[in-house]
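Structural features, examined
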Amino acid sequence: MRVNMTVNGRPRRADDVWEGESLLYVLRERLGLPGSKNACEQGECGSCTVRLDGVPVCACLVAAGQAEGRDVVTVEGLATRAGLPDGKLSAVQRAFVDAGAVQCGFCTPGLLVAADDLLARDPDPSDADIREALSGNLCRCTGYEKILDAVRLAAARGGGGAADEAGAEDEAGGTDGRAEA
Amino acid sequence: MSERNVPGRLASEGLTQGSRTRGGIGESTLRPDGTLKVTGEFAYASDLWHEDMLWGHTLRSPHAHARIRSVDVAEALATPGVYAVLTHDDLPAATRYGLEIQDTPVLADGVVRHHGEPVALVAADHPETARRAAAKIRVAYEELPVVTDETSATAPGAPVLHPGRTDGHAAHVPHPNIVHRQPVRRGDVAAAKARAAAVVTGEYEVGMQDQAFLGPESGLAVPAEDGGVDLYIATQWLHADLRQIAPVLGLPEDKVRMTLSGVGGAFGGREDLSMQAHACLLALRTGRPVKMVYDRFESFFGHVHRHPARLRYEHGADRDGRLLYVTARIVLDGGAYASSSPAVVGNAASLSVGPYECPNVDVEALALYTNNPPCGAMRGFGAVQACFAYEAQMDRLATELGLNPVEFRRRNAMSQGSVMPTGQAVDSPAPVAELLRRVKAMPMPPERQWETAGGGPDLRALPGGVANTTHGEGVVRGVGYAVGIKNVGFSEGFDDYSTARVRLECAGGEAVATVHTAMAEVGQGGVTVHAQIARTELGVSRVTIQPADTRVGSAGSTSASRQTYVTGGAVRHACATVRERVLALGRTKFGTYHPAWATAELLLEDGKIVTDGGEVLAALADVLEGEEPVEAEVEWRHRPTEPFDLRTGQGTGHVQYSFAAHRAVVEVDTELGLVKVVELACAQDVGKALNPLSVTGQIQGGSTQGLGLAVMEEIAVDPVTGKVRNPSFTDYLIPTILDTPAMPVDVLELADPHAPYGLRGVGEAPTLSSTPAVVAAIRQATGLALRRVPVRPEHLTGT
């Protein structure tokens, strides 16, 4: 079948989609957007979290056909959605790097979409609110402490989507990223 | 944490001094792959794509032990879209592989020995086509009796899982279903028993834990025109994979070119091969690129797990609270194939007493062959199981003696100069008592922390959470302490080396360093640290980290908390060699301009060659301009170790020890058996924190995996059938952000004079003591004995 949807603000079309394919598979394997991750493919880990018409969902649990005509935002579209030019990071993306919230990084795209959604709803969440909002996203590396730091840092820097220039140094130059939110 | 950034010259290593260049060691520089990982552009193994690629799929055994009577692939092969179906009969060369013992069939050879063992492979043009075709392969199994524990595995007439063993352990094991057995004997236990004022004995059990890395086993094999294959893969050790894959393909190693792709965590679970050889076999058969990606269900069958263990301990102490003796018997279930069981046995035996001085020891550790899932490496590697048991024993002995458990541990804590049960003297700082003091001194979380300003409870802070099972009634707090000891690096005489190639050149008018190693970056941050080392040693700000591949020599495994030590050491030494050559080049070009070129000690700092007095002699770029790049490749080894004696366990078996202590605060709903870990504080000595931010991340991540083992994580294997009952994230639980508490970390930096920069491997120690600290806290809250992890609600309610 053919599936049409808007992905990260652009109309996209996928052909020859088998009816059993998930939105996650179409994004990753047919539309060249592998940022959404395939850690469990059973809706338990949140690593494939995308926004579907504005609502965070596990893309692995959405049949490709259900996305027909709808609006999808993936991790690849977070900066664009925040109105930033190519190559810039959104506040929450920047904060994840600065706070040390990224280790292996496989959970990161889903956590970013979930955190972005939280900060859009609540620009100054409490720790308990952050934990609740991110409780559907498993991370195996960090123990979540640095992820909490990152969300606090993003909130302190102006939260959901505001353009942020902080820490945009050449990485090879070694930014001193001690994040004391 | 120390703010000093003095690289420190180690006379024993014969190096000149590094510099204080910005972004060097000791700073919390950011990950070089961080931006790619937050934009979604970082290419993990499961993200790879190639034109014309096929999808591989594995058919696995539904039985734990069965003879294969026949395999019929005709219908599968006839499925449109299917390009190849392979069974054991199609293998071109070696049919078995293994990390230590080559006992693991590439595809089942007439017998399957565990649930989920690979039987056949399919390549097709769509993953679903491959899955459906695999379901059409007809395998006739004849089920065989299973052995699932020590009793059944060593019973008279028990099926021998690997008859005719010729491996190096076969001659000394008491039964062919025992992979390896290591005793450790020291002192005179019988005499010590007679003097003991307090004796406690206990039997303990540790469930089978899964690494549960989030990035599933994946890779892409691309056949090459020269008959070889290029494999892009998520692994922990490229060269160990290569050593095992090439014989299976019947190719020389130079025809199998491996490149590390993005790795979504590892924790030991990628030490063994999973789909590496399978994807290459399918690619070579079809002449097409083949991608294989496990789903989570298959991942639970696709890698080895942490050995479940049964441990029997007896501890005796004198009236003053000093340990007199320890006896222990540690039985690890290695499952169907050896994997790294022998090394896990060595660790469990040699570290069985913990970070304590004890003059009289009689210990035996062994690993079994059973029809349970194969077990091997997981963070903590044999030391985790022992730590749960000996720390429970230490608490009980303290109670028996009427001593505070921290005070009792302090009286017995080892320190520099202490002698291990193996006879090895600990010749670097071992601040066990200090770590306990520090973790105890941290402020306690407030009582009734769930109460809000308005008076009502915040359910999210209570056991049971928003399930609304309690508003505080029936909730009891407990506090527990534990400390552990882990070896760093490969032990028992293993030639544990790393290779690093470093180049310095002028590019765009600036000195630029390039570091090339085969180190597997699995998330730990080795790439960050390599760049920091290069900046410190070469005084440059721009460092490029080359992708890890097999075009450079082995970097050893990303395991055993060893990479910063060993590959970091190799990078440091390669940089030092480059530095000497650059200084020589500078003397040749500019030496006549200033006498200091000949007389002063020279440093590379901030892109310049300076004297130790701070006088600038030349810009590095000017020295390198117009010259060939200065390059050095170094193979670097840590101090040698030796095997443990097979009868006594005596020997200088370990390179370095690392120590962490935890304090856990829990609240237990005693009516429902629900546990909320309120805080998990850790103090750890890291020798030197090369990247403090990463060090803290390792400690918190390791602590959380220990928490998981304490209260939720276990692969449930049916004791009758040997089948895995919970291979999913629905049924195998790992801690969420709601299960994980605040984790304050106190980092101590006492340099190990034998290690690069004085550093001590960080990654594993926090995984050890976390588990027993949490369980000790639950014991204090409930008064229950709790001899098994994970602790489940029914263990707390008795229902």
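All values reported here derive from a predicted model rather than from experimental measurement. (Residues numbered from 1 in each chain as written. Chains lettered and ligands numbered in written order. Predicted model: local features only at pLDDT ≥ 70, side-chain atom pairs only at ≥ 80, totals over all residues. Heavy atoms only, no water.)

**Comments concerning the sheet that holds strand β1 (residues 3-7) of chain A**
Residues and elements named next belong to chain A.
- The five strands lie next to each other as β2-β1-β5-β3-β4, forming an open sheet whose pairing is mixed. Each having just a single partner strand, β2 (10-14) and β4 (55-58) make up the two edges of the open sheet. Direction aside, the axes of adjacent strands within the sheet are offset by 40° on average.
- Alignment of β1 against β2, held across five bridges, turns out to be antiparallel. From the neighbouring strand, Asn4 faces β2, where its bridge partner is Arg13.
- Taken strand by strand, helix α4 (residues 108-121) contacts β3 (49-52) and β4, and its axis lies near 45° from that of β3. (Pairing = 2+ DSSP bridges. Helix = DSSP H or I, 4+ residues; strand = E, 2+ residues; numbered from the N terminus. Axes fitted to C-alpha atoms, helices over the stretch in contact; angles between N-to-C directions. Contact = heavy atoms within 4.5 Å.)

**Details of the pattern of salt bridges**
All names here are of chain B.
- One pass over the structure, following the stated rule, counts 68 salt bridges over all chains.
- The partner of Arg31 in a salt bridge is Glu521, and the shortest N-O contact between them spans 2.8 Å. Separated by 490 residues along the polypeptide, Arg31 in the segment before α1 (34-39) and Glu521 in the loop between β22 (510-516) and α13 (526-538) bring together distant segments of the chain. In this pair, the class of Arg31 matches that of Glu521, namely buried. (Salt bridge = Lys/Arg side-chain N within 4 Å of Asp/Glu carboxyl O. Buried < 20%, exposed > 50% of the residue type's maximum accessible area, 1.4 Å probe, protein only.)

**A short note on the interface of chain B and chain A**
- On the chain A side, the residues contacting the 73 residues of chain B number 60 residues.
- Together chain B and chain A conceal approximately 5300 Å² of surface at their shared face, both sides included; 55% is due to carbon and sulfur atoms.
- When the area that chain B buries against chain A is broken down by residue, the three leading residues are Leu30, Val38 and Ile737 of chain B, summing to 16%.
- Connecting chain B to chain A are six salt bridges.
- Across the salt bridge formed by Asp47 of chain B and Arg28 of chain A, the nearest N and O atoms sit 2.9 Å from each other. (Buried area = accessible area lost by both parts, 1.4 Å probe.)

**Quick look at the domain arrangement of chain B**
Residues and elements named next belong to chain B.
- The assigned domain composition of chain B is domain 1 (11-30 + 497-637), domain 2 (45-144 + 217-293) and domain 3 (166-209 + 307-488 + 650-799).
- A C-alpha centroid distance of 36 Å is found between domain 2 and domain 3.
- Facing 19 residues of domain 2, the contacting portion of domain 3 comprises 24 residues.
- Together, the buried faces of domain 2 and domain 3 total about 1600 Å²; carbon and sulfur atoms form 54% of this surface. (Domains from an automatic or database assignment.)

**Observations concerning helix α10 (residues 383-401) of chain B**
- Over its 19 residues, α10 of chain B runs 26 Å from end to end, which matches the ideal 27 Å to within 8%, given 1.5 Å per residue.
- One or two residues past the end of α10 of chain B sits Gly402 of chain B, with phi positive at roughly 70°. (Expected span 1.5 Å × (residues − 1).)

**Quick notes on the environment of Asp362 of chain B**
All names here are of chain B.
- Of note, Asp362 is situated in strand β18 (residues 360-368).
- Along the backbone, Asp362 and Ile715 are 353 residues apart, and their C-alpha atoms lie at a distance of 31 Å.
- Contact partners of Asp362, with chain neighbours within four places excluded, come to Val184, Arg185, Val189, Val326, Thr327 and Ala328.
- Only 3.3 Å separates the side chain of Asp362 from the side chain of Arg185, close enough to count as a polar contact. (Polar contact = N/O pair within 3.5 Å; in protein donor to acceptor, adjacent residues only side chain to side chain.)

**A closer look at the domain arrangement of chain A**
Residues and elements named next belong to chain A.
- Domain boundaries in chain A define domain 1 (3-77) and domain 2 (79-164).
- The centre of domain 1, based on its C-alpha atoms, is set 20 Å off from the matching centre of domain 2.
- Contacts between domain 1 and domain 2 engage 18 residues on the former and 16 residues on the latter.
- Carbon and sulfur atoms make up 58% of the surface buried where domain 1 meets domain 2, a total of about 1300 Å² over both sides.
- Of all residues in domain 1, the largest losses of buried area upon contact with domain 2 belong to Arg51, Val75 and Gly77, amounting jointly to 38% of the total for that side.
- Viewed at the interface, domain 2 and domain 1 are joined by one salt bridge.
- As a salt-bridge pair, Arg51 and Asp117 come within 2.9 Å of each other at their nearest N and O atoms.
- Among the elements that take part in the side of domain 1 that touches domain 2, β3 stands out by supplying three residues, more than any other.
- Split into classes, the residues belonging to the side of domain 1 that touches domain 2 amount to six nonpolar, eight polar and four charged. (Nonpolar A, V, L, I, M, F, W, Y, C, P; charged D, E, K, R; others polar.)

**Quick word on the environment of Ile734 of chain B**
- Tracing the backbone shows Ile734 of chain B in the loop between α17 (692-711) and β30 (745-748).
- The class of Ile734 of chain B is buried, set by a relative accessible area of 5%.
- Separated by 524 residues in the primary sequence, Ile734 of chain B and Asp210 of chain B place their C-alpha atoms 9.2 Å from one another.
- With residues near it in sequence (within four places) discarded, Ile734 of chain B still touches Leu138 and Arg140 of chain A together with Ala212, Met712, Glu713 and Asp739 of chain B.

**Structural notes on the sheet that holds strand β1 (residues 54-60) of chain B**
All names here are of chain B.
- Taken in spatial order, the seven strands of this open sheet run β3-β7-β1-β14-β11-β12-β13, and their pairing is mixed. Because the sheet does not close on itself, it has two edges, and the strands there are β3 (82-86) and β13 (256-260). Put simply, the sheet's adjacent strands are angled 20° from each other on average, direction ignored.
- Here six bridges tie β1 to strand β7 (residues 118-124), and the two strands are oriented antiparallel to one another. Bridged to Gly56 within β7 is Ala123.

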